[in-house]
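# Reading the structure
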Amino acid sequence: MAQALPLLYQDDWLVAVHKPAGLLVHRSPLAGGEREFLLQRLRDQLGQRVYPVHRLDRPTSGVMVFALEPATAARLGEAFTERHVAKRYLAVVRGVGPAQERLDYALREEDGRRPKAEMPALEAVTEVRRLDSVELPVQVDRYPMSRYSLMEVRPQTGRRHQIRRHLSRRGYPIIGDAKHGKGNHNRFFAERLACPRLLLAAVELGFAHPENGAWLSLSCRLDAPMTALFERFGWAGHLPVDRASWPATPAPCPA
């Protein structure tokens, strides 16, 4: 039997859950032979129907919100579509990332239905900030030392694989990204540092509650492999915790 999903918040209208890395949210044409999905696991755990209102990529972990009835799903879905939601991610990247930067690179959608070159280029903006970095006395690439950074990421738009593509294009690919990263660094983290996953986690999500309009802020701890890595690198002070709060001053949303 699958382990119960950690619930971060639940009321009569919505539920927030910690999505594990490697788990698809729901069935899709890209799912292949997969038989286990977050949507079904949460439905079975709660004993009631749940409605997805946003998405996280399969290899990304972190906080996800589901509605518990259709009207709430419609209101929450509109909030995500209209960018009235504040999102915060943590990512471990190769190199010493920028102290603070706005990445503004249009992206073509990757939906698998048509060649990417035929898809329109859409606005995509990501705010990034370096929280910490580490230098390891290990030659992974052509240099005798290897440097990695902890980046805080706040996407202002919601394109598919936006964070992964933006950081890779800027020259700081996320560790564990098989498509946009570099295999030797990914293997080093998997084999030597016990982190065989994409090191990207959705750690905070804020939005106006669809029933009472009050701002709800949710945060989510990292899973065991990422937590151990942060402690090893001296980044324990940046570890998030599970929390649901109602701040008087909402976090800034995308413009």
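Residues numbered from 1 in each chain as written. Predicted model: local features only at pLDDT ≥ 70, side-chain atom pairs only at ≥ 80, totals over all residues. Heavy atoms only, no water.

Turning to the overall build of the chain, a few remarks are in order. Along its length, the chain carries five helices and 13 strands. Radius of gyration (C-alpha) of the chain: 18 Å, near the 18 Å computed for a compact globule of 255 residues. Within the span of the chain, comprising 255 residues, buried residues form 48% of the whole. Expressed as a percentage of contacts within the chain between residues at least 6 apart in sequence, the contacts between residues at least 24 apart total 66%. Within the structure as shown, the chain displays about 12,800 Å² of accessible surface, and the carbon and sulfur contribution to it stands at 48%. Across the chain, the centroid of the 37 positively charged side chains sits 5 Å from that of the 28 negatively charged ones. (Helix = DSSP H or I, 4+ residues; strand = E, 2+ residues; numbered from the N terminus. Rg over C-alpha atoms; globule rule 2.2 N^0.38 Å. Buried < 20%, exposed > 50% of the residue type's maximum accessible area, 1.4 Å probe, protein only. Contact = heavy atoms within 4.5 Å. Areas by Shrake-Rupley, 256 points an atom, 1.4 Å probe, with all protein chains shown as cover. Lys, Arg positive; Asp, Glu negative; His and termini not counted. Charge placed at Lys NZ, Arg CZ, Asp CG, Glu CD.)

Let's shift gears to the packing of aromatic side chains. Under the counting rule described, the total for this entry stands at six aromatic pairs. Where F189 meets F233, the ring centres are 6.2 Å apart and the plane angle is 90°; that geometry is what we call edge-to-face. Taken together, the residues F189 in helix α4 (residues 183–192) and F233 in helix α5 (residues 224–233) connect sequence positions 44 residues apart. Since its relative accessible area comes to 0%, F189 is described here as buried. On the numbers, 5.6 Å between centres and 85° between planes, the contact of F230 with W235 is edge-to-face. By way of ring pairs, the aromatic residues Y148, F188, F189, F230, F233 and W235 are connected into one cluster. In this structure, R169 packs its charged tip against the face of Y105, placed 4.4 Å from the ring centre. (Phe/Tyr/Trp six-rings, centres within 6.5 Å; stacked < 30°, edge-to-face > 60°. Lys NZ or Arg CZ within 6 Å of the ring centre and 35° of its normal.)

The next point concerns the state of the cysteines. Under the criterion given, the structure shown has zero disulfides. C195 takes part in no disulfide bond, and the closest cysteine sulfur to it belongs to C220, at a distance of 16 Å. A relative accessible area of 2% places C195 in the buried class. (Disulfide = S-S within 2.5 Å.)

Next up on the list: the pairing of strand β4 (residues 61–67). The buried fraction of β4 amounts to seven of the seven residues, a majority that puts the element mostly inside the structure. Note: strand β3 (residues 51–52) against β4, two bridges, orientation antiparallel. Bridge pairing in β4 places Y51 opposite A67. (Pairing = 2+ DSSP bridges.)

Structurally, the position occupied by A67 is in strand β4. For the pair A67 and A2, spaced 65 residues apart in sequence, the C-alpha to C-alpha distance is 22 Å.

On to the side chain of S61. The residue S61 is located in strand β4 in this model. Among the polar contacts listed, one links the side chain of S61 to the side chain of R197, at a separation of 3.1 Å. Once residues within four sequence positions are removed from consideration, S61 is found in contact with H18, K19, P20, A21, L56, R197, L200, A201 and A202. (Polar contact = N/O pair within 3.5 Å; in protein donor to acceptor, adjacent residues only side chain to side chain.)

Time to look at the pattern of salt bridges. Evaluated as defined, the whole model comprises 16 salt bridges. Here R88 and E204 are joined by a salt bridge, their closest N and O atoms 3.2 Å apart. Of this pair, R88 sits in strand β5 (residues 86–94) while E204 is found in strand β11 (residues 200–208), placing the two residues 116 residues apart along the sequence. Accessibility expressed as a relative area gives 29% for E204, which makes it partly exposed. A salt bridge links D223 to R197; its shortest N-O distance comes to 2.6 Å. One end of the pair, D223, is in the loop between β12 (215–219) and α5; the other, R197, is in the loop between α4 and β11, with 26 residues separating them in the sequence. The burial state of D223 is the same as that of R197; both residues are buried. Each of R88, R129, E152, R154 and E204 takes part in one network of salt bridges that share partners. (Salt bridge = Lys/Arg side-chain N within 4 Å of Asp/Glu carboxyl O.)

Turning our eyes to something else, we now look at helix α3 (residues 162–170). Q162, I163, R164, R165, H166 and L167 are the residues of α3 that are buried. Residues of α3 that are buried sit in contact with β5, β6 (100–104), β7 (107–108), β9 (125–136), β10 (146–155) and β11. G171, located one to two residues past α3, shows a positive phi value of around 105°.

With that out of the way, let us pick up the pairing of strand β2 (residues 14–19). In terms of residue burial, β2 counts as a mostly covered element, since six of its six residues are buried. Of the two faces of β2, both are covered, the one formed by L14, A16 and H18 as well as the one formed by V15, V17 and K19. The pairing of strand β1 (residues 7–10) with β2 spans three bridges and is antiparallel. The residue of β2 that forms the bridge with Y9 is A16. Linking two consecutive strands that pair antiparallel, namely β1 and β2, is a turn of three residues. Here β2 runs beside β4; their pairing, made up of six bridges, is antiparallel. Counterpart to L14 in the pairing with β4 is A67.

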